[in-house]
Amino acid sequence: MSQHRGKKSAEAKDKSAFFAARTPQSKIADTQIQDGADPDFEPEHDPTVSNPDDCPLTQSLLQSMLDGAVTKMQATFTAALSDIRKGFQELETRTSHLEDTVGGLMGAQNEYDTCLSKIEEQLHNQETKIADAEDRSRRNNIRLRGVPEEIAPHNLTAFAVELFHVLLPDIPAEMFLLDCIHRLPKPQHLAPSTPRDVLMRLHYFHIKDQILRAHRNKKDLPTQFKDVLMFMDLSAETLRRRRSFKAVADTLRHHHVPYRWGYPAKLLISKGGKLISASTPAEGLNLLQQWDMSLNTQPNPKNPSRPPFEIGRRQKTRRTSPRED
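Residues numbered from 1 in each chain as written. Predicted model: local features only at pLDDT ≥ 70, side-chain atom pairs only at ≥ 80, totals over all residues. Heavy atoms only, no water.

### Comments concerning empty space enclosed by the protein
In this structure the tally under the stated criterion is one cavity of 30 Å³ or more. In this structure, the largest cavity encloses a volume near 40 Å³. Put simply, the parts of the chain that give the lining of the largest cavity at least two residues each are α3 (59–137) and α6 (236–244). No other element matches α3, which puts three residues into the lining of the largest cavity. The class makeup of the residues in the lining of the largest cavity is four nonpolar, one polar and three charged. (1 Å grid on protein atoms, 1.4 Å probe; cavity = no way out; pocket = protein on both sides within 12 Å on 5 of 7 lines; lining within 4 Å. Points joined across faces, edges and corners; volume = space filled by probe spheres on them. Helix = DSSP H or I, 4+ residues; strand = E, 2+ residues; numbered from the N terminus. Nonpolar A, V, L, I, M, F, W, Y, C, P; charged D, E, K, R; others polar.)

### Observations concerning the sheet that holds strand β6 (residues 266–271)
Across the sheet, three strands lie side by side as β5-β6-β7; this open sheet has antiparallel pairing. The sheet is open, and its two borders are formed by β5 (259–262) and β7 (274–278), each paired with just one other strand. Along the sheet, successive strands turn relative to each other by an average axial angle of 30 degrees, direction set aside. The pairing of β6 with β7 spans five bridges and is antiparallel. Looking at the pairing, L268 lines up with S277 of β7. Those strands touched by helix α7 (residues 246–254) are β5 and β6, and its axis lies near 20 degrees from that of β6. Lying over the sheet, helix α8 (residues 281–290) contacts β6 and β7, oriented at roughly 135 degrees with respect to β7. (Pairing = 2+ DSSP bridges. Axes fitted to C-alpha atoms, helices over the stretch in contact; angles between N-to-C directions. Contact = heavy atoms within 4.5 Å.)

### Some thoughts on the nonpolar core
Residues L144, F164, M200, I211 and M230 are the most contacted members of the largest nonpolar core, which totals 28 residues. Of all the secondary structure elements, the ones that give two or more residues to this core are β1 (141–145), α4 (156–167), β2 (178–183), β3 (198–202), α5 (205–217) and β4 (229–232). Among the nonpolar cores identified, the runner-up in size contains 10 residues, and L267, I269, A278 and L287 belong to it. (Core = buried A, V, L, I, M, F, W, Y, C linked by side-chain atoms within 4.5 Å. Buried < 20%, exposed > 50% of the residue type's maximum accessible area, 1.4 Å probe, protein only.)

### Some details on the sheet that holds β3
The strand order across the open sheet built from four strands is β2-β3-β1-β4, with neighbouring strands paired in antiparallel fashion. Edge positions in the sheet fall to β2 and β4, since each of these pairs with one other strand and no more. Between one strand axis and the next, the sheet turns by 20 degrees as a mean value, whatever way the strands run. Relative to β4, β1 runs antiparallel, the two sharing four bridges. Looking at β4, one finds that L144 is bridged to M230. Along the sheet, α4 contacts β1, β2, β3 and β4; its crossing angle with β2, the most-contacted strand, is approximately 115 degrees.

See the structure below:
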């Protein structure tokens, strides 16, 4: 009877143990048994591993854990901010160096600009002096345009002297002394039928000046000289500068304001009984604005590339300056 009761109590004990709550140690033991370990083997206690049953989660423990996490985060942020601050300091140093370098470069650039302005002014003055010297060396020259190609080179002197006699009949023939006379190469843009210009050098300058004036004022010429135009022989630089005054000169001609060319290339305008000088195109345009003269920009219907007044002037009067080919 006692054996039967002992057996029942053992079974009840096993059942209670079976249905009891499983602890972490029992879970580890069950896992080890499933892996083939000895069920009677008890692992040694690791003092570094705290037992949840022995160390319950309290407010102080949670606070210490949070303080530790915050301390670690602060240390991480402090290290990161230190690196960022160091990078900003290096960037500030480089920026200061670049600003100093740029400031030095700007100062040097200003000096270079000043020197360049002086050099440009000196170059302009030298070009003006060279052009003036070249024009003075050509002051005895005359260019004839429209001389037929049928006239042989050895007959050019006789042709020119005869023209001079028509213009100045009272001047003796020995005063029309020519140092040289020859034809010039023809520009490529001219038509093949256009005759080449004739360049001559007169020995006496005052005779050359009288010839140009007489040709400008002469209205009727013989047939063989009717299509001949006469120009002064100027340097390329002087012609280039005169072309820059084209808008001002066209407007003055359109408003019938007399003017003449000065040296170096500038306009001498007669207005109100006074002789006004315009050394640059900008000065000429300012004068036109002061006089309320609008620029003559209307093209000629027969030749849209040139102003109508310029075409009429070319047909009525003779020119004393080279055509700008």
